[in-house]
Amino acid sequence: MAHVLPMAKRVAVVAHLVEGAGIRPTSRLTEVSKPAILSLLLRVGEGCAALHNRLVRDVDCRTVQVDEIWSYVQKKQARVQPGDSPEVGEAYVFVGMASASKLVISYRVGKRDDENTKAFIADLRARLVTIPQLFSDGWQPYIAAVGESFALAGSVDYAQVVKNYSRKTRRDDDHRYEPPRDPFITRTPVFGVPDAKRASTSHVERQNLTIRMHIRRFTRLCNGFSKRLPHHKAAVALHMAFYNFCRPHEAHRVTPAMEAGLTDHVWSIEDLVAAALAEAPTEPPQPKALKLPDAPVGAAAAPARALPNGRGFLRLVGGAPAAPVAPTPPVAGTPAPEPEPPPPSEPPPVPEPRRMVQLNLFD
């Protein structure tokens with residue numbers, strides 16, 4: 001007979017992995033061999049990636065934050081040799097998160113280069129149905145990627161938020177935890193009309209901390225790094241599915257998928273494992289035409305007109321000009337209002353000084 005782990009053991013293994021335990025501690029706690037844990041992680045991770053691809057679509061959100069989190073496979077980039085595999089070295093994780101629902105909309109594991117940046121932004125664009133307020137850090141390839149995926153005009157309000165970690169000494173460096181906020185953050189609009197007051201990457205940076213706390217391979221300064229890229233991607237996919245569908249967020253008391261309207265209940269670890277093992281690969285989503293965001297409650301929608309060839313919208317910024325108010329006619333029996341005094345006339349011009357003329361008193 002083939003050695004197949006029962007469902008209870010599979011759930012126990014996955015429960016330890018998603019809570020930040022490494023392969024060896026999980027093996028000791030569950031009494032499952034390390035090869036069996038790695039094999040299960042690979043199969044469940046691939047199923048979670050397919051599950052995310054099928055379920056996280058048509059997301060209606062207004063504010064999206066994107067960021068990258070550093071990691072590596074087998075060795076750090078400074079120690080990569082010319083003959084090493086291209087999978088070895090840095091393996092950044094690009095994360096795009098909805099600021100309101102805390103849903104991870106899109107993610108991608110790869111090198112921090114133009115190709116992966118464009119693929120990540122294209123996948124993020126394909127999962128949205130509303131023109132977003134998009135905020136990122138100062139990574140320059142984002143500008144070309146956002147312009148290519150969002151058609152350069154009217155389909156995104158994009159700004160870059162750059163934090164200047166200066167190394168200059170300060171007078172109060174002995175007790176300061178971080179630089180002052182005013183010169184520390186620079187917000188630069190790139191496309192559309194982003195809201196400078198809401199421009200931030202704090203939510204997705206907090207998500208980076210969640211990743212490091214829940215995936216042992218991302219813990220800094222330890223020996224828990226990945227040795228192979230497929231297992232690294234599987235660990236990331238497992239965490240993203242667990243975060244979206246199983247882990248209630250403290251801000252909402254429900255999971256991000258429930259807050260975004262993608263599911264109606266909190267998934268258990270057993271539900272996630274069973275769905276991931278039964279999930280078949282599906283085609284990635286295709287981008288749909290983005291709609292204008294709804295106006296705030298009590299406010300009129302700003303005038304907008306669709307541009308030809310699906311290149312976005314021509315929108316009025318700042319609202320329509322106020323119409324002139326007609327004077328109210330007087331009511332019978334009420335005294336007529338006193339006429340307004342005429343505006344003060346301009347002061348008379350100052351006369352020029354007289355030219356001096358010599359008088360001839362004698363002939």
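Since this is a predicted model, take the numbers as computed values, not measurements.

Colleague: I would appreciate a short explanation of the packing of helix H1 (residues 7-18) against helix H10 (residues 269-278) in the present structure.
Modeller: Working note: a packed helix pair is described by the angle between its axes plus the distance between those axes. Where H1 contacts H10, the two axes come as close as 9 Å, and the packing angle between them is 105°. What the angle tells us is that H1 and H10 run roughly perpendicular. Contacts between H1 and H10 involve Met7, Arg10, Val11, Val14, Ala15 and Val18 from the former and Ile269, Glu270, Val273 and Leu277 from the latter. When grouped by side-chain class, the residues that make up the contact of H1 with H10 number eight nonpolar, no polar and two charged.

Colleague: Teacher, can you tell me more about the environment of Pro281 here?
Modeller: Relative to the assigned elements, Pro281 resides in the loop between H10 and strand E9 (304-306). Spatially, the C-alpha atoms of Pro281 and Gly47 are 7.8 Å apart, while their sequence positions differ by 234 residues.

Colleague: When you look at the sheet that holds strand E4 (residues 92-98) in this model, what are you seeing that I'm missing?
Modeller: One key point about sheets: their strands pair by backbone hydrogen bonds, in either a parallel or an antiparallel sense. One open sheet holds the six strands; their spatial order is E5-E4-E1-E6-E7-E8, and the pairing between them is mixed. Two strands lie at the open edges of the sheet, namely strand E5 (104-110) and strand E8 (185-191), each paired on one side alone. Adjacent strand axes in the sheet meet at a mean angle of 20°, parallel and antiparallel pairs treated alike. The pairing of strand E7 (residues 157-163) with E8 spans six bridges and is antiparallel. Among the inter-strand pairings, Val162 is bridged to a residue of E8, identified as Thr186. Packing against the sheet, helix H7 (residues 202-214) makes contact with strand E1 (63-69), E4, E5 and E7, and its axis sits at approximately 45° to E1.

Colleague: Help me understand the pairing of strand E6 (residues 133-136), please; the structure alone is not making it clear to me.
Modeller: On a regular strand, one side chain projects to one face of the sheet and the next to the other, so that they alternate. Taking every second residue as pointing to the same face, both faces of E6 are buried, with Gln133 and Phe135 on one and Leu134 and Ser136 on the other. Both E6 and E7 contribute to a ladder of four bridges, which runs parallel. Each residue of the ladder has a partner; that of Leu134, found in E7, is Tyr158.

Colleague: Can you help me understand the environment of Ala159 in this one?
Modeller: Looking at the element boundaries, Ala159 is found in strand E7. Not counting chain neighbours up to four residues away, the residues in contact with Ala159 comprise Leu134, Phe135, Ser136, Thr188, Pro189, Val190 and Pro194.

Reading guide: rules and limits
- Residues numbered from 1 in each chain as written.
- Predicted model: local features only at pLDDT ≥ 70, side-chain atom pairs only at ≥ 80, totals over all residues.
- Heavy atoms only, no water.
- Axes fitted to C-alpha atoms, helices over the stretch in contact; angles between N-to-C directions.
- Helix = DSSP H or I, 4+ residues; strand = E, 2+ residues; numbered from the N terminus.
- Parallel < 35°, antiparallel > 145°, perpendicular 65-115°, else oblique.
- Contact = heavy atoms within 4.5 Å.
- Nonpolar A, V, L, I, M, F, W, Y, C, P; charged D, E, K, R; others polar.
- Pairing = 2+ DSSP bridges.
- Buried < 20%, exposed > 50% of the residue type's maximum accessible area, 1.4 Å probe, protein only.

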